[in-house]
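So you can see what is in the structure, the chains are spelled out below.
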Amino acid sequence: MTERASLSQKISAIAESATLKVDAKAKALKAEGRPVISYAAGEPDFATPAHVVDAAREALEDPANFRYSPAAGLPALRKAVAEKTLRDSGLAVEPNQVVVTNGGKQAVYQAFQVILNPGDEVLLPSPYWTTYPEAIQLADGTPVAVFADADADYKVTVAQLEAARTDKTKAIVFVSPSNPTGSVYTPEETEEIAHWALEHGVWILTDEIYQNLTYDGVRAVSIVEAVPEVADQTILLNGVAKTYAMTGWRVGWMVGPVAAMKAAANLQSHLTSNVNNIAQYAAIAA
Ligand SMILES: Cc1ncc(COP(=O)(O)O)c(C=O)c1O
C-alpha cells in the first residue's frame with residue numbers, strides 16, 4: 001500500500017470487539033443447528049416485552065416519527081430517563097442533563113470524548129469490558145488497568161487507585177455490577193471510592209447498564225446515591241439493552257453535568273444525529 005493510501009494509525013490500532021466477534025460466531029453456529037450456549041454478549045434470553053413492541057408499532061403509524069428529531073433525544077424520553085435515574089440511581093436530574101444515544105456503547109464513547117485531552121489517564125479496574133480501553137484511546141487518553149483478582153472479589157480498593165494515580169489521572173471507570181465479573185461493590189466500598197474521586201477531582205464514569213440485574217436481593221447502589229457530592233464530576237451510562245431485553249433496539253443514554261451533556265449532544269449532532277424515533281418510543285414504553 002502506498003503512503004498516500006494508508007489508513008489512520010488511530011483507527012488501525014483498534015481491536016475488533018471480542019465480545020461481538022465471539023457472539024457472531026456463536027450465532028452462526030446456532031444457525032447451522034449446532035447446540036451452542038453463548039456466554040459472549042450480555043443478552044437476556046427472552047423477547048422484548050409485548051407492550052414495548054406495541055409502542056413501537058404505534059409510533060410507526062405517526063408520520064412525525066419519520067423525520068429528524070432533537071439530537072439529544074425525544075423530550076419525553078429524556079424526562080423518562082431523568083425519572084429512572086432518580087428511581088434507580090437516587091439522583092435528581094433535569095431532562096437537559098440527559099443525552100439519548102445509540103446504545104450504551106455510544107454513551108461510553110462520547111463520555112471519553114467529552115472529558116479527555118491527549119495524554120490524560122483513565123483508571124480502569126480490571127478485568128474490564130473490552131470496549132473501555134478502545135474508547136479511551138479513541139479520545140487520545142491512556143487506559144491504566146488496576147487489577148483485582150478473585151481473592152478481592154474482583155473489586156479494586158482506594159489504596160490501589162491511589163497507587164495508580166498520577167498528575168495525569170483524569171477519570172476512573174466504575175462498573176457495578178461489573179461486566180465481566182458480576183461483582184457488586186458494597187455501599188461502603190462505593191462511598192470510599194467516591195470520596196477518593198472527590199478529594200482528587202477525578203471524573204467518575206459509572207456504567208450502570210447492569211444495575212437492575214442483581215441476584216439474591218443485592219442492590220447495586222449508585223455512586224451518586226452513595227455520595228451525592230460527586231454528581232458534578234460524574235457521568236452515568238445506562239440503557240434499555242439488558243434491563244428490558246432490548247439489545248438490538250440500540251437505545252442508551254448518558255446523564256451528567258449540563259455543560260458535559262451539552263458537549264456530548266453537540267458531538268452527537270455531527271456523529272449520528274437523533275436515535276431512531278421508533279426505538280425511542282419503545283424505550284419510553286419500557
Ligand atoms: C458493561 C457494558 N456497558 C455498556 C454496554 C453497551 O450496551 P448497549 O450498547 O448494547 O446499550 C455493554 C454491552 O454489552 C456492557 O456490557
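As shown above, the structure is provided for reference.
Read on for a plain summary of the structure.

### Details of the side chain of Thr 131
Reasoning step 1: Note on placement: Thr 131 falls in helix 6 (residues 131-138).
Reasoning step 2: Take Thr 131: its relative accessible area is 13%, and that puts it in the buried class.
Reasoning step 3: Residue contacts for Thr 131: discarding those within four places in its chain leaves Lys 105 and Val 108.

### Describing the pattern of salt bridges
Oppositely charged side chains can pair when the atoms bearing their charge come close.
Reasoning step 1: All told, the structure shown has 13 salt bridges when counted by the stated rule.
Reasoning step 2: In this structure, Glu 43 engages Lys 27 in a salt bridge whose closest nitrogen and oxygen atoms are separated by 3.1 Å. One end of the pair, Glu 43, is in the loop between helix 2 (18-31) and helix 3 (50-60); the other, Lys 27, is in helix 2, with 16 residues separating them in the sequence.
Reasoning step 3: The class for Lys 27 is partly exposed, based on a relative accessible area of 43%.
Reasoning step 4: As a salt-bridge pair, Arg 87 and Asp 88 come within 3.9 Å of each other at their nearest N and O atoms.
Reasoning step 5: Arg 87 sits in the exposed class, given a relative accessible area of 55%.
Reasoning step 6: Classification of Asp 88 as buried rests on a relative accessible area of 15%.

### As for the layout of surface pockets
Reasoning step 1: Here the largest pocket is characterised by a volume of approximately 1,100 Å³.
Reasoning step 2: Taken together, 43 residues make up the lining of the largest pocket; nearest its centre are Ala 41, Gly 42, Glu 43, Tyr 210 and Lys 242.
Reasoning step 3: Secondary-structure elements contributing two or more residues to the lining of the largest pocket are helix 2, helix 5 (103-115) and strand 6 (234-239).
Reasoning step 4: For the lining of the largest pocket, the element with the highest residue contribution is helix 2, accounting for six residues.
Reasoning step 5: Split into classes, the residues belonging to the lining of the largest pocket amount to 21 nonpolar, 13 polar and nine charged.
Reasoning step 6: Here the lining of the largest pocket gathers at least three residues from each of two domains, domain 1 (1-41) and domain 2 (50-285).
Reasoning step 7: The wall of the second largest pocket is formed by 13 residues, among which Ile 14, Ser 17, Lys 105, Thr 131 and Glu 134 lie closest to the centre.
Reasoning step 8: Residue assignment for the lining of the second largest pocket shows that the elements contributing at least two residues are helix 2, helix 5 and helix 6.

### Focus on the site of the ligand
Reasoning step 1: Around the ligand, the surrounding shell consists of Gly 103, Gly 104, Lys 105, Trp 129, Tyr 132, Asn 179, Asp 207, Ile 209, Tyr 210, Ala 241, Lys 242 and Arg 250.
Reasoning step 2: Protein coverage of the free-state accessible area of the ligand, which is 400 Å², stands at 94%.
Reasoning step 3: Put simply, the ligand lies in the largest pocket.
Reasoning step 4: Tallying contributions element by element places helix 5 first for the shell around the ligand, with three residues.
Reasoning step 5: In terms of residue class, the shell around the ligand is made up of five nonpolar, three polar and four charged.

Criteria and thresholds
- Residues numbered from 1 in each chain as written.
- Predicted model: local features only at pLDDT ≥ 70, side-chain atom pairs only at ≥ 80, totals over all residues.
- Heavy atoms only, no water.
- Helix = DSSP H or I, 4+ residues; strand = E, 2+ residues; numbered from the N terminus.
- Buried < 20%, exposed > 50% of the residue type's maximum accessible area, 1.4 Å probe, protein only.
- Contact = heavy atoms within 4.5 Å.
- Salt bridge = Lys/Arg side-chain N within 4 Å of Asp/Glu carboxyl O.
- 1 Å grid on protein atoms, 1.4 Å probe; cavity = no way out; pocket = protein on both sides within 12 Å on 5 of 7 lines; lining within 4 Å.
- Points joined across faces, edges and corners; volume = space filled by probe spheres on them.
- Nonpolar A, V, L, I, M, F, W, Y, C, P; charged D, E, K, R; others polar.
- Domains from an automatic or database assignment.
- Near = heavy atom within 4 Å.
- Areas by Shrake-Rupley, 256 points an atom, 1.4 Å probe, with all protein chains shown as cover.
- Sits in = over half its atoms within 2 Å of the grid points.

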